[in-house]
Amino acid sequence: MVNHSIKLLLDSAIQQLTISDSARLDAEILLSHVLNKPRSFLYACPEYEASIPQQREFSGLLQRRVNGEPVAYLTGKREFWSLPLSVSPDTLIPRPETELLVSAALELEPLFAAKPLRAIDLGTGSGCIALALAHERPGWEITAVDSSPAALKVARSNAEALRIRSIHWLHSDWFSTVDTDSFDLIVSNPPYIAATDPHLQQGDVRFEPRNALIGGDGGLEAIAEIAGQCRARMRMHSRLLLEIGHDQAESLRKLLTGLGYADIEFRRDLNGIARVCIARLSEQ
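Before going into details, it helps to say that this report is about the structure given with it. (Residues numbered from 1 in each chain as written. Predicted model: local features only at pLDDT ≥ 70, side-chain atom pairs only at ≥ 80, totals over all residues. Heavy atoms only, no water.)

1. Focus: helix α1 (residues 6-16)
So, point 1. Those residues of α1 not exposed but buried are I6, L9, L10 and A13. Within α1, the buried residues cover an arc of 95° as seen down the axis, which keeps them to one side. Turned more than 90 degrees away from the buried face of α1, the exposed residues are L8 and Q15.
So, point 2. Packing partners of the buried residues in α1 comprise α2 (23-35), α3 (39-44) and α4 (52-66). (Buried < 20%, exposed > 50% of the residue type's maximum accessible area, 1.4 Å probe, protein only. Helix = DSSP H or I, 4+ residues; strand = E, 2+ residues; numbered from the N terminus. Arc of directions from axis to C-beta. Contact = heavy atoms within 4.5 Å.)

2. As for the nonpolar core
So, point 1. Ranked by internal contacts, the top residues of the largest apolar core, which has 35 residues, are L122, I186, C230, L240 and Y261.
So, point 2. Looking at this core, the elements that each hand over two or more residues are β3 (118-122), β6 (183-188), α9 (221-230), β7 (234-243), α10 (249-258), β8 (261-268) and β9 (274-281).
So, point 3. Among the elements that take part in this core, α9 stands out by supplying five residues, more than any other.
So, point 4. Grouped together as the second largest cluster of nonpolar side chains are 34 residues, L100, V102, A134 and A144 included. (Core = buried A, V, L, I, M, F, W, Y, C linked by side-chain atoms within 4.5 Å.)

3. A closer look at the packing of aromatic side chains
Two numbers describe a pair of aromatic rings. These are the distance of the centres and the angle of the planes.
So, point 1. Inspection of the entire model under this criterion finds two aromatic pairs.
So, point 2. For the pair F41 and Y48, a centre-to-centre distance of 5.2 Å together with 75° between the ring planes defines the contact as edge-to-face.
So, point 3. With centroids separated by 6.4 Å and ring planes inclined at 40°, the aromatic side chains of F175 and F183 adopt a geometry described as tilted.
So, point 4. Note on F175: relative accessible area 5%, which makes it buried. (Phe/Tyr/Trp six-rings, centres within 6.5 Å; stacked < 30°, edge-to-face > 60°.)

4. Structural notes on the sheet that holds β3
So, point 1. Spatial ordering of the open sheet is given by β5-β4-β3-β6-β7-β9-β8, a layout of seven strands whose pairing is mixed. Both outer strands of the open sheet, β5 (167-171) and β8, are each paired with one neighbouring strand and no more. Taken pair by pair, the neighbouring strands of this sheet meet at an average axis angle of 20°, ignoring direction.
So, point 2. In the sheet, strand β4 (residues 141-146) pairs with β5 via five bridges, with the strands oriented parallel. Considered in β5, the bridge of T143 is made with H168.
So, point 3. Most of the contacts of helix α8 (residues 149-162) go to β5, to which it runs at about 165°, and overall it touches β4 and β5. (Pairing = 2+ DSSP bridges. Axes fitted to C-alpha atoms, helices over the stretch in contact; angles between N-to-C directions.)

5. Looking at the side chain of R65
So, point 1. Within the secondary structure layout, R65 lies in helix α4.
So, point 2. One polar contact links R65 to D26, side chain to side chain, over a distance of 3.1 Å.
So, point 3. Other than its neighbours up to four places away in sequence, R65 contacts L17, I19, S20, D26, L30, P70, V71, L74 and D204. (Polar contact = N/O pair within 3.5 Å; in protein donor to acceptor, adjacent residues only side chain to side chain.)

6. Topic: helix α7 (residues 128-136)
So, point 1. For α7, the tally of buried residues reaches seven of nine residues, placing the bulk of the element in the interior.
So, point 2. Within the span of α7, buried status applies to C128, I129, A130, L131, A132, L133 and A134.

7. Quick notes on the pairing of β6
So, point 1. Within β6, six of the six residues are buried, leaving the element largely enclosed by the surrounding structure.
So, point 2. Two strands pair when backbone bridges link them, and β3 and β6 are joined in this way by four bridges, in the parallel orientation. Residue pairing for β6: I120 is matched across the bridge by I186.
So, point 3. Read as a crossover between parallel neighbours, the route from β6 over α9 to β7 is right-handed. (Right-handed = clockwise from strand over helix to strand, strands pointing away.)

This is the structure:
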């Protein structure tokens, strides 16, 4: 085995990554990870020769990517809200559309005169939502819960790496062990994919934790459970914010209306798809 340049390694990798719609990006991320260099280094030094051990490591990661494993799990890293996060197969991979949930929560802050604002992130996973909120609003009182101890371990590790110490991490199945009476903001990226959805057999989601993806046979069962439990934890001005599936807006509107919610609105992503639902309890 001989030393190969960055250019040769990338050219070969791109030809192998026929399963990916972003072959060049995938190859660059994996190679920069192996070399422990930024991606800009790959462009600045295309003739740089990787060592034999580095080439072997890159080849191994490349083969796993060819087999479908997500790049984020191969590197153990993913950026969210410009924050570098660790991820693992115990957590969902943070995605750009979830940033819409964060921005919506931040925009609601003027509704609450009382300080500090109290928020909870249900099913926190890697901690991405709670960490983004704490990074932007260090004065908020934020609780983040997950039913998976392994996921909470990742979230706590991310908080430590980012030196964010204001979040109360809690092992809980939704509100089961939460002793706080009420919250101003309740946010969640819950399981919302139907168990029969063919997308579960495609792409990165094949490798992600099923309990964080599947929201029952119809996809709304977990959301219905959350919305039902939230009623006892909300005050007059409290808001519930949920990330939802691409075709769930109207079904969710009916569900929430039936549970006593009002002022139901949706925030759309860059493709015009309703991705975030915001609601409050109707006045009794």
